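Topology and contacts: notes
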Amino acid sequence: FNRVLMKRSHEVMSGSNKSVTVTAPSNIAVIKYWGKRDEERILPINGSISVTLDENVMGTITSAASSQEWEGDALWLNDEPESLDTKRMRNCLTNLRPSGDNSALRIASRNNFPTAAGLASSASGYAALVYALGQLYDYKEPTPGYLTAIARQGSGSACSSLL
């Protein structure tokens, strides 16, 4: 799990000004929320209860780096290039990237369990992404829990994997 990402991270991140690597656990809902009361902020109609799993068993490891030397942002998920041009991704990047920052961003992320198989890979993925970007950009939360609100823009359950 870590060895494969570290190899990809070394290839992807060479020449970076700063890089960080973080992990986040998956979480499985015991009592699931049904629907959203606020579609824009991804707020559920009702509360939910979830179990946070051991990140060594079901988790995501994400490395993020930035550099003035690179051209354009790039993302690799499980060693495959992915688009950063999605609404969910843009919401997270816009909220965390410092205003006026024109350095290119590289993100390499890997799940140690099946992706897109109903096992909350997006929750652990967006939790790791948001935490990594927060660390990379030395983000200071204006209020406690603000990062969870940003992570929720990527995946409604990501806030449970971030806490």
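Rules and cut-offs
- Residues numbered from 1 in each chain as written.
- Predicted model: local features only at pLDDT ≥ 70, side-chain atom pairs only at ≥ 80, totals over all residues.
- Heavy atoms only, no water.
- Axes fitted to C-alpha atoms, helices over the stretch in contact; angles between N-to-C directions.
- Helix = DSSP H or I, 4+ residues; strand = E, 2+ residues; numbered from the N terminus.
- Parallel < 35°, antiparallel > 145°, perpendicular 65-115°, else oblique.
- Contact = heavy atoms within 4.5 Å.
- Nonpolar A, V, L, I, M, F, W, Y, C, P; charged D, E, K, R; others polar.
- Buried < 20%, exposed > 50% of the residue type's maximum accessible area, 1.4 Å probe, protein only.
- Polar contact = N/O pair within 3.5 Å; in protein donor to acceptor, adjacent residues only side chain to side chain.
- Salt bridge = Lys/Arg side-chain N within 4 Å of Asp/Glu carboxyl O.
- Pairing = 2+ DSSP bridges.

Another point: the packing of helix α2 (residues 87-96) against helix α4 (residues 146-154). Where α2 meets α4, the axes come as close as 7 Å, and the angle between the chain directions of the two elements is 155°. When the axis of α2 is compared with that of α4, the two are roughly antiparallel. On α4, the residues that touch R88, N91, C92, N95 and L96 of α2 are Y146, L147, I150, Q153 and G154. Looking at side-chain class alone, the contact of α2 with α4 contains 5 nonpolar, 4 polar and 1 charged residues.

This part covers the side chain of R110. On the secondary structure map, R110 appears in strand β9 (residues 104-111). By relative accessible area, which is 16% here, R110 ends up buried. In terms of polar contacts, R110 uses its side chain to reach the side chain of D79, at 2.5 Å.

Our next topic: the pattern of salt bridges. A full pass over the atoms with the stated rule returns 5 salt bridges. Close ionic contact of D73 with R97 constitutes a salt bridge, the shortest N to O distance being 2.9 Å. Within this pair, whereas D73 is found in the loop between β6 (59-67) and β7 (74-77), its partner R97 is found in the loop between α2 and β9, the two being separated by 24 residues in sequence. Measuring nitrogen to oxygen at the nearest pair gives 2.7 Å for the salt bridge that ties D85 to R90. Since its relative accessible area comes to 56%, D85 is described here as exposed. Among the ionic contacts, a cluster of salt bridges with common partners joins D73, R97 and D101.

Glancing now at the pairing of β6. With 9 of 9 residues buried, β6 lies mostly within the body of the structure. The alternating pattern of β6 places G59, I61, S63, A65 and S67 and T60, T62, A64 and S66 on opposite faces, both of which are buried. Alignment of strand β1 (residues 18-25) against β6, held across 8 bridges, turns out to be antiparallel. Bridge pairing links P25 to G59 in β6. Two elements, β6 and β9, share 8 bridges in a ladder whose sense is antiparallel. Considered in β9, the bridge of A64 is made with I107.

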